[in-house]
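# Examining the three-dimensional arrangement
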Amino acid sequence: MIIVFKDKEHFKKEYINALDKNFRTTVENATTAQLYASLAMLLNKNLDEDYNNTNLLIKEKGLKKAIYFSMEFLMGRLITNNLQNSGNYQIVKEAFKDFNIDINKIEDVEEDTGLGNGGLGRLAACFLDSAASLGLPLYGNSIRYTKGFFIQEFVNNQQIEKPDPWLDKGFYWEEKIEDEAIDIPFFGYVEDTVLKEPIWIKAVPYDVKIVGNENNVVTTLRLWSTEASELQEFKDEKYYQMVNKISDSLYPDDSTYEGKKIRLQQQYLLSASGIQAAIKEHLSLGRDIRELHKYYAFQINDTHPTLIIPELMRGLMDVFKLGYDEAWEITKNACSFTNHTIMQEALEKWDIKLFRELLPRIYEIIKEMDRRFVLELEKLNVHETDIYNMKLIGTNSLRMANICIYGTHSTNGVAALHTEILKNTTFNNFYKIYPERFNNKTNGITHRRWMMHINTELVAILDKWIGKDWRYDLSKIEELLKFKEDKKLKKEIIDMKMAKKIQLAKRIKELEGIELDPNSIFDIQVKRLHEYKRQLLNIMHIIYLYLRLKKDQEFRANFHPQSFIFGAKAAPSYHMAKSIIELINTVSKVINSDFEVNDLIKVVFVENYNVTYAEYIMTAADLSEQISTASKEASGTGNMKFMLNGALTIGTLDGANVEIAELAGSENEFIFGMTAKEVLDMYEKNNYKPREIYDNDQRLIDIFEFIQTLNKNPHHFDNIKHSLLNSDYFFVLKDFDAYVKAQEIANNNYKDKDNWFEKVIVNIAKAGFFTSDRTIEQYNNDIWHLTKIK
Ligand code: 26Q
């Protein structure tokens, strides 16, 4: 176990020295910012030894490394995790107590490292924690965006985006590695496979330490930044602008044409720098380039880093002069691909003209890949429409998913249902030809951050009832099941949930100014705002409830108070998503100030939902809202965090909800609505008539009449109504009745505390499967084949 500091007194001495050295100040006189900065710097420096030893061991033993290429790593704060995993949290906490300082106040100084949009980015962060904690040499590779994901503010109920200059306040966990900078060429033209007169950009790596849990392993997340290159002779204003733009900001999940070129530059920069760094390291250790795939596994997180495939081909052929076939075998063996979406419109495509202008040599290589692929398919007598659909290059665009499936040995989905849909629908044509490439890796979450660090109340209960082994092997949490009927355990779980609800209520009171009753059901939907995730269905049900509570006395008498909590950011150009946020905020104000009902229901939309907010929210839910249109949510990971902390799921059979319901038993969740098969069939038959549903359901008519009263312009929210009546692509109206019924059952069920908390215990006990430690072990066993460091 790494204890960086021998004991409390040792830490205090070093810390007092650090404050003096950094800021010429003392514990008594320092600002919280100085207290935080000195703690972060001191800890970071003290992790060096384990970091160096980890590197040395990997080199000496010649261990294979996996590089996780991802445009996003949504890390949140590092301080707590680094203190906890390094085994120093208790010592430091005690020392601060002696100083009369609340350590939470110091942790609160740290800004979130928000280098991601949502699920995909947070998954990458969980994977780093799990791999390091399992002792697997997995390294993250991404971009050091000067601005993280935007900060959300609400003005007149509407979302406003503010930049997130997260580095400005000081980021103490990174180290710039000047020596390992790499020059990356863009534009230019190709003569005989050689790129002429490109514009050079320097990619400079900053390494962030990733601390394994109490195992002395420290790996890294490498973030590439951009600077002017020494190779670039002509440098004007425009050049410097381009240099800055590339690592300036993270692109929110939308597809406006603005900024497309920059996004492609980011993707190539990330891919080329990572691949070239690996090749350099490989050669510097005296190994043969032909053995690259034996020492590196490159994981492609969604299609955003697709270009590692042609970039690796370019290196092997143009620089190391291997033949095409040999280069192809190495590339395919080294690379593997994870898909995170089945939404057709989200499958990445790049305009040929733009691509060829920016990356002329890479384009040639993809063209050659495509030519050979078509020959292979023709030889296999594949039907010509299938060939057209599978080609890497379509009429106007490059198809990144096709390149990934063809150019790797493994394609995986992120939940069982999702992988089945990939195999049978989305990529069925590829599956028929390469069935052995397709596999499932159901997502996971690191139970250290998402339970141990944020729910010490639950940790104490588990330790007491089943011992501590579950901490290192979360499947052992199932031992709790034997006690599910035990009154004492139930009481402790009830108290834990109450404590977490009170803590969240306090935070919400402070930040949002809204008071919540911790005795009410905490019903929570937090995730990106997307029509397919159906926050709209949630708020429509709330409006229905509101109207009914006001007029139906019997219903009122039987209703258990319920607090509805939302958190979500909408992509800045996603108008419908922004309208839905405005609708929820508007409804929230009406309900919360209506004395006829506000002791029974409250609605809160928390501002700027991010990882740190999530750390308060995930533990405090009674009901976890997972209500996407079946087939649309690839997996979801919030659903797992809620489950592990004792919430019951109200949800559709979508993504990993299917596995949650299978593991915990659907009698212990509130499952409703269309199945994925029904949804996909209905799309195919094209016979859905939302207007008929609307016309025949007075509740829906009343809801939209009410919505018309919310704004002085009755047509203000008409876009929402029109979209539902004219297409309702995500079947909100069709699932409305089933959702209302599921909500009614849940509300009723909550009144029987004994029964509810037995279900809660079953859910906690069955959540072991969802640790990302399990996910990472599976990636390793099936795809990467790394040896553990110890
Ligand atoms: C694409 C083009 C241009 C700009 C941005 C993007 C872009 C950015 C982010 C496209 C997609 C994303 C993020 C996708 C994502 O988060 N997917 C989620 O991944 C989770 C982890 O596997 C799953 O649990 C979720 O179901 C899935 O929605």
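Residues numbered from 1 in each chain as written. Predicted model: local features only at pLDDT ≥ 70, side-chain atom pairs only at ≥ 80, totals over all residues. Heavy atoms only, no water.

### Looking at the overall build of the protein chain
A count of helices and strands for the protein chain gives 34 helices and 24 strands. Seen through its C-alpha atoms, the protein chain measures out along the principal axes to roughly 80 × 70 × 55 Å. Classification of the 790 residues of the protein chain by burial places 63% in the buried group. If you take every contact in the protein chain between residues at least 6 apart in sequence, the share linking residues at least 24 apart comes to 76%. Surface exposure of the protein chain reaches about 30800 Å², of which carbon and sulfur atoms provide 49%. In the protein chain, 100 side chains carry a positive charge and 116 a negative one; their mean positions are 1 Å apart. (Helix = DSSP H or I, 4+ residues; strand = E, 2+ residues; numbered from the N terminus. Buried < 20%, exposed > 50% of the residue type's maximum accessible area, 1.4 Å probe, protein only. Contact = heavy atoms within 4.5 Å. Areas by Shrake-Rupley, 256 points an atom, 1.4 Å probe, with all protein chains shown as cover. Lys, Arg positive; Asp, Glu negative; His and termini not counted. Charge placed at Lys NZ, Arg CZ, Asp CG, Glu CD.)

### Comments concerning the pattern of salt bridges
All chains considered together, the criterion is met by 57 salt bridges. A salt bridge links lysine 176 to glutamate 178; the nearest nitrogen and oxygen atoms lie 3.5 Å apart. A salt bridge links arginine 699 to aspartate 737, with the shortest nitrogen-to-oxygen separation between them at 2.9 Å. Taken as a pair, arginine 699 in helix H30 (residues 698-708) and aspartate 737 in helix H32 (residues 732-750) lie far apart in primary sequence, 38 residues in all. (Salt bridge = Lys/Arg side-chain N within 4 Å of Asp/Glu carboxyl O.)

### A few points about the sheet that holds strand S21 (residues 601-606)
On the basis of which strands lie adjacent, the open sheet formed by six strands has the order S21-S20-S19-S22-S23-S24 and parallel pairing. Here the strands that pair on one side only, and so sit at the sheet edges, are S21 and strand S24 (670-671). Set on the sheet, helix H21 (residues 487-512) makes contact with strand S19 (521-526), strand S20 (562-567) and S21; between it and S21 the angle comes to about 65°. Against the sheet, helix H24 (residues 575-592) touches S20 and S21, its axis set at about 140° to S21. (Pairing = 2+ DSSP bridges. Axes fitted to C-alpha atoms, helices over the stretch in contact; angles between N-to-C directions.)

### Side note on helix H14 (residues 360-379)
Helix length check: H14 (20 residues) gives 29 Å between terminal C-alpha atoms against 28 Å at 1.5 Å per residue, within 8%. Those residues of H14 lying buried are Pro360, Arg361, Ile362, Tyr363, Ile365, Ile366, Met369, Asp370, Phe373, Val374 and Leu377. At the C-terminal side of H14, asparagine 381 shows a positive phi close to 60°. (Expected span 1.5 Å × (residues − 1).)

### Details of the side chain of threonine 446
Mapped onto the fold, threonine 446 is located in the loop between strand S18 (438-440) and helix H19 (447-452). Residue threonine 446 is classed as buried on the basis of its relative accessible area, which comes to 0%. Side-chain polar atoms of threonine 446 contact the side chain of aspartate 129, separated by 2.6 Å. Dropping the residues within four chain positions of it, threonine 446 is found in contact with Arg122, Cys126, Asp129, Ser130 and Ser772. (Polar contact = N/O pair within 3.5 Å; in protein donor to acceptor, adjacent residues only side chain to side chain.)

### Thoughts on the packing of aromatic side chains
This structure, assessed with the given rule, holds 38 aromatic pairs. Pairwise contacts between aromatic rings join Phe5, Phe11, Tyr15, Phe96 and Phe99 into one cluster. The ring centre of tyrosine 139 lies 4.6 Å from the NZ or CZ of lysine 65, which sits over that ring. It is arginine 699 that lies over the ring of tyrosine 544; its NZ or CZ is 6.0 Å from the centre. (Phe/Tyr/Trp six-rings, centres within 6.5 Å; stacked < 30°, edge-to-face > 60°. Lys NZ or Arg CZ within 6 Å of the ring centre and 35° of its normal.)

### Brief notes about the pairing of S21
Most of S21 sits out of view: six of its six residues are buried. The alternating pattern of S21 places Ile601, Val603 and Phe605 and Lys602, Val604 and Val606 on opposite faces, both of which are buried. Pairing analysis gives six bridges linking S20 to S21, with the strands arranged parallel. Each bridged residue has a counterpart across the sheet, and for glutamine 562 the counterpart in S21 is isoleucine 601. Crossover handedness for the path S20 to H24 to S21: right-handed. (Right-handed = clockwise from strand over helix to strand, strands pointing away.)

### Concerning the nonpolar core
Counting 267 residues, the largest nonpolar core has Phe186, Phe298 and Phe355 as the members making the most contacts within it. At ten residues, helix H22 (residues 535-551) tops the list of elements feeding residues into this core. Setting aside chain neighbours within four positions, we find phenylalanine 298 in contact with Ile67, Phe69, Ile275, Ala278, Leu292, Ile308, Leu312, Ala334, Cys335 and Ser336. (Core = buried A, V, L, I, M, F, W, Y, C linked by side-chain atoms within 4.5 Å.)

### Here's the deal with the pairing of strand S4 (residues 138-143)
The buried count for S4 comes to six of six residues, which makes it a mostly enclosed element. Here S4 shows two buried faces, one formed by Leu138, Gly140 and Ser142 and the other by Tyr139, Asn141 and Ile143. When strand S1 (residues 65-69) meets S4, the two strands line up parallel, connected through four bridges. Bridged to tyrosine 68 within S4 is glycine 140. In terms of strand pairing, S4 meets strand S12 (residues 218-228) through four bridges, oriented parallel. Bridging across to S12, asparagine 141 finds its partner in arginine 222.

### Let's talk about the site of the ligand
Taken together, 18 residues surround the ligand, and among them Leu120, His340, Asn443, Glu633 and Gly636 come closest. Tyrosine 532 has a polar side-chain atom sitting 3.2 Å from an oxygen atom of the ligand. At a separation of 2.8 Å, an oxygen atom of the ligand approaches a polar backbone atom of glycine 636. Burial of the ligand by the protein chains amounts to 87% of its free accessible area of 610 Å². Element by element, the count of residues in the shell around the ligand is highest for helix H7 (residues 119-134), at three residues. Taken together, the residues that form the shell around the ligand break down as six nonpolar, seven polar and five charged. (Near = heavy atom within 4 Å. Nonpolar A, V, L, I, M, F, W, Y, C, P; charged D, E, K, R; others polar.)

### Here we look at empty space enclosed by the protein
Counted according to the given criterion, the structure contains four cavities of 30 Å³ or more. Taken as a whole, the largest cavity encloses approximately 120 Å³ of empty space. Class assignment for the residues of the lining of the largest cavity results in seven nonpolar, three polar and four charged. Along the walls of the second largest cavity sit Gln525, Lys527, Lys533, Gln626, Ile627, Ser628, Glu633, Ser635, Gly636, Asn639, Asp654 and Asn657, which together make up its complete lining. Considered class by class, the residues forming the lining of the second largest cavity number one nonpolar, seven polar and four charged. (1 Å grid on protein atoms, 1.4 Å probe; cavity = no way out; pocket = protein on both sides within 12 Å on 5 of 7 lines; lining within 4 Å. Points joined across faces, edges and corners; volume = space filled by probe spheres on them.)

### Overview of the packing of helix H20 (residues 456-466) against H21
It is the contact of H20 with H21, at a shortest axis distance of 9 Å, that shows an interaxial angle of 165°. The pairing of H20 with H21 is recorded here as roughly antiparallel in orientation. Note that H20 runs across H21; the crossing there is right-handed. Here Glu457, Leu458, Ile461, Lys464 and Trp465 of H20 come into contact with H21, specifically with Lys488, Leu489, Glu492, Ile493, Met496, Ala499, Lys500 and Gln503. For the contact of H20 with H21, the residue count by class is seven nonpolar, one polar and five charged. (Parallel < 35°, antiparallel > 145°, perpendicular 65-115°, else oblique. Left-handed = near helix turned anticlockwise from the far one by under 90°.)

### Focus: the packing of H7 against helix H34 (residues 772-784)
Closest axis-to-axis distance for the H7/H34 pair is 9 Å, and the angle between their directions is 75°. Considered as vectors, H7 and H34 are oriented roughly perpendicular to each other. Facing Cys126, Phe127, Ser130, Ala131 and Leu134 of H7, the residues of H34 in contact are Ser772, Asp773, Thr775, Ile776, Glu777 and Tyr779. Considered class by class, the residues forming the contact of H7 with H34 number six nonpolar, three polar and two charged.

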